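Spelled out, the chains give:
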Amino acid sequence: DEQETIGKLISGLDRAAGDLSMVVELGREIELKKQPGFEVAKVLRSLCSTFQENDAQVVCESDAESVQGDFDHSKLTDAFKSMFLGAIKFKKKDDEAEAVKVSLRASDNNAVIEWSGLRPLDHDPFRTFAGSDEIRLSLAKKIFEAHGGSTQLSDQKFVVVLPLSGSQPGSI
C-alpha cells in the first residue's frame, strides 16, 4: 500500500511540475525563429496520423494541398499538438464513436484551422488555468498570437487563424 501511495504522490508531483513549467513559459516573452515555407497542411496531417495511431478518434480534412507561411516550426507544431490534445479532452461525451474533426482551409491569405466535435463548454479554455489542458491551450493561444494569428472558441469549435504572408510581430 505504501509503495502504491508513494507512486501516486510522485506521479502527482510530476504533473504539478509540468504545469508549473507551462505557467512559467506562459509568463515569458515568446521568441520566434521563423523559417519560410512552413507547411501547415503537412504538419497537421502528421499530427493527425500520430493521434490516430494512438487510438484517438480524430479525422482530418483539408481543401488545400499546400498551405505555407513563415512560422517557427517547433513552437507552432507544439501549439498544434496542444490544440489536438485539448480538442480530444473536450470531445463530445454523449457519442463516444464521434471523432474530433480537424479541418484546414486557406481563406483571404490566412490559414483557418478548426477542431470541431466538441461538447459545450461553460468556460473559455484559452483564458483560464483550470487545469493542465487549459494551461496548455492558453500557451498555444499565445504562440498563435505571436505569429500574428488568433484563437477562439466558437460554436463548439476551436478556431485558429494564421496569416500566410506579410510582416508579423516576432514576439509577444
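Trainee: I'm lost on the sheet that holds strand β2 (residues 58-62) in this one. Help?
Mentor: By way of backbone hydrogen bonds, the strands of a sheet pair with one another, either parallel or antiparallel. As summarised here, the arrangement of the five strands in space is β2-β4-β5-β7-β6, forming an open sheet in which the pairing is mixed. In the strand order of this sheet, the two ends are held by β2 and β6 (150-153), each with one partner. For this sheet, the mean angle separating the axes of adjacent strands, direction not counted, is 15°. Where β6 and strand β7 (residues 157-163) come together, four bridges link them in antiparallel fashion. Counted as the bridge partner of S150 is V161 from β7. Sheet strands touched by helix α3 (residues 73-89): β2, β4 (100-107), β5 (110-116), β6 and β7. Its angle to β7, the strand with the most contacts, is close to 165°.

Trainee: Would you take a moment to explain the pattern of salt bridges for this structure?
Mentor: Side-chain pairing between opposite charges can occur once the charged atoms of the two side chains come close. Counting across every chain of the model gives five salt bridges. A salt bridge links K8 to E4, with the shortest nitrogen-to-oxygen separation between them at 3.3 Å. Note that K8 and E4 are positioned in helix α1 (residues 2-27) at a spacing of four residues, about one turn of the helix. A salt bridge links K101 to E61; its shortest N-O distance comes to 3.2 Å. Taken together, the residues K101 in strand β4 and E61 in strand β2 connect sequence positions 40 residues apart.

Trainee: How should the packing of aromatic side chains be read in this particular structure?
Mentor: Geometrically, a pair of aromatic rings is defined through the distance of the ring centres and the angle of the planes. Following the criterion strictly, the structure yields seven aromatic pairs and no others. Ring geometry for F80 against F144: centres 5.5 Å apart, planes inclined by 45°, an arrangement best described as tilted. Of the two residues, F80 sits in helix α3 while F144 sits in helix α4 (residues 132-146), which places them 64 residues apart along the sequence. Residues F80 and F144 agree in their burial class; the two are buried. Their ring planes at 85° and their centres at 6.5 Å tell us that F90 and F158 sit as a pair that is edge-to-face.

Trainee: How should I be thinking about α4 in this particular structure?
Mentor: Along an α-helix, residues three or four positions apart point the same way, because every turn accommodates 3.6 residues. If you check α4, its first and last C-alpha atoms are 21 Å apart, about what 15 residues at 1.5 Å a residue would give, namely 21 Å. When you tally the buried positions in α4, you get 12 out of 15 residues, the bulk of the element. When α4 is considered as a whole, its buried residues turn out to be D133, E134, I135, L137, S138, L139, A140, K141, K142, I143, F144 and A146. Note on α4: the residue one or two positions beyond its end, G148, has a positive phi of about 90°.

Trainee: Teacher, can you tell me more about unusual backbone geometry here?
Mentor: Peptide bonds are mostly trans, and most non-glycine residues show a negative phi. Even without being a glycine, D108 presents a positive backbone phi close to 50°. With respect to the element layout, D108 can be found in the loop between β4 and β5. According to the relative accessible area criterion, D108 is exposed, its value standing at 71%. Phi at N109 takes a positive value of approximately 65°, unusual for a residue other than glycine. Tracing the backbone shows N109 in the loop between β4 and β5.

Trainee: Just checking my understanding: could you explain the pairing of β5 for this structure?
Mentor: Remark: a regular strand shows side chains that alternate across the two faces of the sheet. Among the seven residues in β5, six count as buried, and that is most of the element. Here seven bridges tie β5 to β7, and the two strands are oriented antiparallel to one another. Counted as the bridge partner of A111 is L162 from β7.

Trainee: Mind showing me how you'd approach the pairing of strand β3 (residues 68-71) here?
Mentor: Every second residue of β3 is oriented toward a common face, the buried set being G69 and F71 and the non-buried set Q68 and D70. As paired elements, strand β1 (residues 35-39) and β3 share three bridges and run antiparallel to each other. Bridging across to β3, Q35 finds its partner in F71.

Definitions and cut-offs
- Here the residue numbers are simple positions, counted from 1 along each chain's written sequence.
- Local features are withheld for residues below a pLDDT of 70 in this predicted model, meaning they are given only at 70 or higher, and side-chain atom pairs are given and counted only at 80 or more; totals for whole chains, interfaces and linings count all residues.
- The basis for the side-chain values is all heavy atoms of the structure; hydrogens and waters are excluded.
- Between any two strands, pairing holds if DSSP finds at least two bridges.
- Numbering of helices and strands starts at the N terminus; helices are DSSP runs of H or I of at least 4 residues and strands are runs of E of at least 2.
- The angle between two axes is taken between their N-to-C directions and runs from 0 to 180 degrees, where each axis is a line fitted to C-alpha atoms and a helix contributes only its stretch in contact.
- Note on definitions: a residue-residue contact is assigned when non-hydrogen atoms from the two residues lie within 4.5 Å.
- Any carboxyl oxygen of Asp or Glu within 4 Å of a side-chain nitrogen of Lys or Arg constitutes a salt bridge here.
- Only the six-membered ring of Trp is used, alongside the rings of Phe and Tyr, when aromatic pairs are assigned; centres must lie within 6.5 Å, and planes under 30 degrees apart are stacked while those over 60 apart are edge-to-face, with the rest tilted.
- The cut-offs for exposure are 20% and 50% of the maximum accessible area for each residue type, with area from a 1.4 Å probe on protein chains only; residues under the lower value are buried, those over the upper are exposed, and the others partly exposed.
- Expected span, for any helix, means 1.5 Å times one less than how many residues it has.

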